[in-house]
Amino acid sequence: MSLRRAVAERAHGRCEYCQCPEAYSSTTYCLEHIEPLAAGGATNLENLAFACQGCNGFKGDKTAIWDVASRQAVRLFHPRRDRWTRHFAWNENGLDMVPKTLVARVTITTLKLNRPALRNLRGILMQSMIHPPA
Ligand SMILES: [Zn+2]
């Protein structure tokens, strides 16, 4: 099995950040280096996340962000080490990701996880019971 297929299958075909399925995206998803190549991150299953073009682009080579509100560096959500449901939830209409933790708040802001295109797609996918993911 190719590395890409293994990463995609592990993620059930969904971006590991915004949770939108690749099957309903107009672009091919990326194998995102959680720890960037430039920082010594490896190209292997442990360090790769399945990510849509938007989340991949907004994350870039960042792994932590200076949080002005709490005046500290806060790491971003780590798809391999963190459990999505511990950090995030859906709001009552299912369109927005809601943070449960500081890590989640910073990740939502940095990756723009409630950007208009994602909210539109989530709304359409809800009508087909494809969103939110089980
Ligand atoms: Zn995404």
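Quick summary incoming for the structure in this document. Just so you know, these numbers come straight off a predicted model, no measurement behind them.

Reading guide: rules and limits
- Residues numbered from 1 in each chain as written.
- Predicted model: local features only at pLDDT ≥ 70, side-chain atom pairs only at ≥ 80, totals over all residues.
- Buried ≥ 20, exposed ≤ 12 C-beta atoms within 10 Å, placed from the backbone.
- Helix = DSSP H or I, 4+ residues; strand = E, 2+ residues; numbered from the N terminus.
- Contact = placed C-beta atoms within 7 Å.
- Pairing = 2+ DSSP bridges.
- Core = buried A, V, L, I, M, F, W, Y, C linked by C-beta atoms within 7 Å.

**Examining helix H4 (residues 102-111)**
Burial of H4 is extensive: seven of the ten residues sit out of reach of the surface. Among the residues of H4, Val103, Ala104, Val106, Thr107, Ile108, Thr110 and Leu111 are the ones counted as buried. For H4, the secondary structure elements touched by its buried residues are helix H2 (53-59), strand S3 (64-67), strand S4 (72-75), helix H3 (84-87), strand S5 (88-90) and strand S6 (97-99). Looking one or two places after H4, you find lysine 112, whose phi comes out positive at around 50°.

**Focus on the pairing of S4**
Each regular strand shows side chains that alternate between the opposite faces of the sheet. Here S3 runs beside S4; their pairing, made up of four bridges, is antiparallel. Its bridge partner lying in S4, aspartate 67 is registered against glutamine 72. Hairpin connection, S3 to S4: the antiparallel pair is bridged by four residues, and arginine 71 has positive phi, about 55°.

**Focus on the pairing of strand S2 (residues 48-51)**
Burial along S2 is two-sided: the residues Leu48 and Phe50 and Ala49 and Ala51 are all buried. As paired elements, strand S1 (residues 30-33) and S2 share four bridges and run antiparallel to each other. Note on S2: the bridge partner recorded for leucine 31 is phenylalanine 50.

**Regarding the environment of leucine 76**
Take leucine 76: it is sitting in the loop between S4 and H3. Expressed as a C-alpha distance, the spacing of leucine 76 and leucine 37, which sit 39 residues apart in the sequence, is 16 Å. Leucine 76 has contacts with Lys59, Lys62, Thr63, Ala64, Ile65, Val106, Thr107 and Thr110, leaving out every residue within four places of it along the chain.

**Remarks on the nonpolar core**
Counting 24 residues, the largest nonpolar core has Cys15, Tyr17, Cys18, Ala51, Cys52, Cys55 and Leu113 as the members making the most contacts within it. For this core, the elements supplying multiple residues, two or more each, are S2, H4 and helix H5 (116-127). Ranked by residue count, the leading element in this core is H4, at five residues. Not counting the four nearest positions on each side in its chain, alanine 51 is found in contact with Cys15, Glu16, Tyr17, Tyr29, Cys30, Glu32 and Asn56.

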